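The lines below spell out each chain.
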Amino acid sequence: MKPKGRASGPGRASAADHDHEACVSRALAAAAVLCRRRGARLTPLRRRVLELVWLSHRPAGAYELLARLGPRRAAKPPTIYRALDFLVTQGLVHRVNSRNAFVGCAEPGHTAAAEILICAECGSASEIADGRVARAVRHGAARIGFEVGGHITEAVGRCRACRAEQPRLAT
């Protein structure tokens, strides 16, 4: 059965089918529209950090992003963390807690819940936006009197490309 919701990242199609340049362009354009609509400032540094997050479909850590900014930028760790906090708050990136890293959000502005699929072999990450998962978490929490404000579910496994390269042997 095909999962409902929308996936982002190369795991939903073969890497050959993925137009990464268009993917990054769409993410940056959507971020600009969202921030303009909200009256939030997508400064050049915030935009560049968002672009760096999207340049790879692998979770990127703050220090990796800082290094990728290059020596032209005199940014320090607090600067990167402030930019990332803004991007998380606006729903433009998600924090991948298990990796202490960040990935681009498939549905900009969507901050309440996310399901992130991480490939244990190549490190790629894809987001599925499946409201059924969020409802199940809220429902389960409500049964014990807990109110969920938001959640990020992380699942580790093998992406389509890695499975195609080396299928698991049946045991």
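Residues numbered from 1 in each chain as written. Predicted model: local features only at pLDDT ≥ 70, side-chain atom pairs only at ≥ 80, totals over all residues. Heavy atoms only, no water.

Trainee: Which residues make up the packing of helix H3 (residues 62-69) against helix H4 (residues 77-89), and what are the values?
Mentor: Relative to each other, H3 and H4 sit at 110 degrees, their axes nearing to 10 Å. Relative to H4, the element H3 lies roughly perpendicular. Counted together, Ala 62, Tyr 63, Leu 65, Leu 66 and Leu 69 of H3 and Pro 77, Ile 80, Tyr 81 and Leu 84 of H4 form the full contact between these two elements. Class assignment for the residues of the contact of H3 with H4 results in nine nonpolar, no polar and no charged. (Axes fitted to C-alpha atoms, helices over the stretch in contact; angles between N-to-C directions. Helix = DSSP H or I, 4+ residues; strand = E, 2+ residues; numbered from the N terminus. Parallel < 35°, antiparallel > 145°, perpendicular 65-115°, else oblique. Contact = heavy atoms within 4.5 Å. Nonpolar A, V, L, I, M, F, W, Y, C, P; charged D, E, K, R; others polar.)

Trainee: How would you summarise the packing of helix H1 (residues 20-38) against helix H2 (residues 44-54) if you had to cite specific residues and measurements?
Mentor: With their axes 10 Å apart at the nearest point, H1 and H2 run at an angle of 145 degrees to one another. Relative to H2, the crossing made by H1 is right-handed. Packed against H1, whose contacting residues are His 20, Cys 23, Val 24, Ala 27, Leu 28 and Ala 31, the element H2 presents Arg 47, Leu 50, Glu 51 and Trp 54 at the interface. When its residues are assigned to classes, the contact of H1 with H2 shows seven nonpolar, one polar and two charged. (Left-handed = near helix turned anticlockwise from the far one by under 90°.)

Trainee: Please provide a residue-by-residue account of the pairing of strand E5 (residues 125-129), values included.
Mentor: For E5, the buried fraction is high: five of the five residues fall into the buried class. Residue alternation in E5 divides its side chains into two sets, Ala 125, Glu 127 and Ala 129 and Ser 126 and Ile 128, and both sets are buried. Sheet analysis places strand E4 (residues 113-119) next to E5, joined by four bridges and oriented antiparallel. Within E5, the position partnered with Ile 118 by the bridge is Ala 125. The antiparallel hairpin formed by E4 and E5 contains five residues in its connecting segment, where Gly 123 sits at a positive phi of about 85 degrees. (Buried < 20%, exposed > 50% of the residue type's maximum accessible area, 1.4 Å probe, protein only. Pairing = 2+ DSSP bridges.)

Trainee: With reference to specific residues and values, describe the pattern of salt bridges.
Mentor: For the structure on display, the rule yields four salt bridges. With a shortest N-O distance of 2.9 Å, Glu 64 and Arg 68 are connected by a salt bridge. Of this pair, Glu 64 and Arg 68 are both found in helix H3, four residues apart, which corresponds to roughly one turn of the helix. Among the residues examined, Arg 68 registers a relative accessible area of 28% and is labelled partly exposed. The partner of Glu 121 in a salt bridge is Arg 158, and the shortest N-O contact between them spans 2.4 Å. Taken together, the positions of Glu 121 in the loop between E4 and E5 and Arg 158 in the loop between strand E6 (151-157) and helix H6 (160-165) put the pair 37 residues apart, joining distant regions of the chain. Of the residues examined, Arg 158 reaches a relative accessible area of 17% and is grouped as buried. (Salt bridge = Lys/Arg side-chain N within 4 Å of Asp/Glu carboxyl O.)

Without other data, these values stay purely geometric and don't point to any function.
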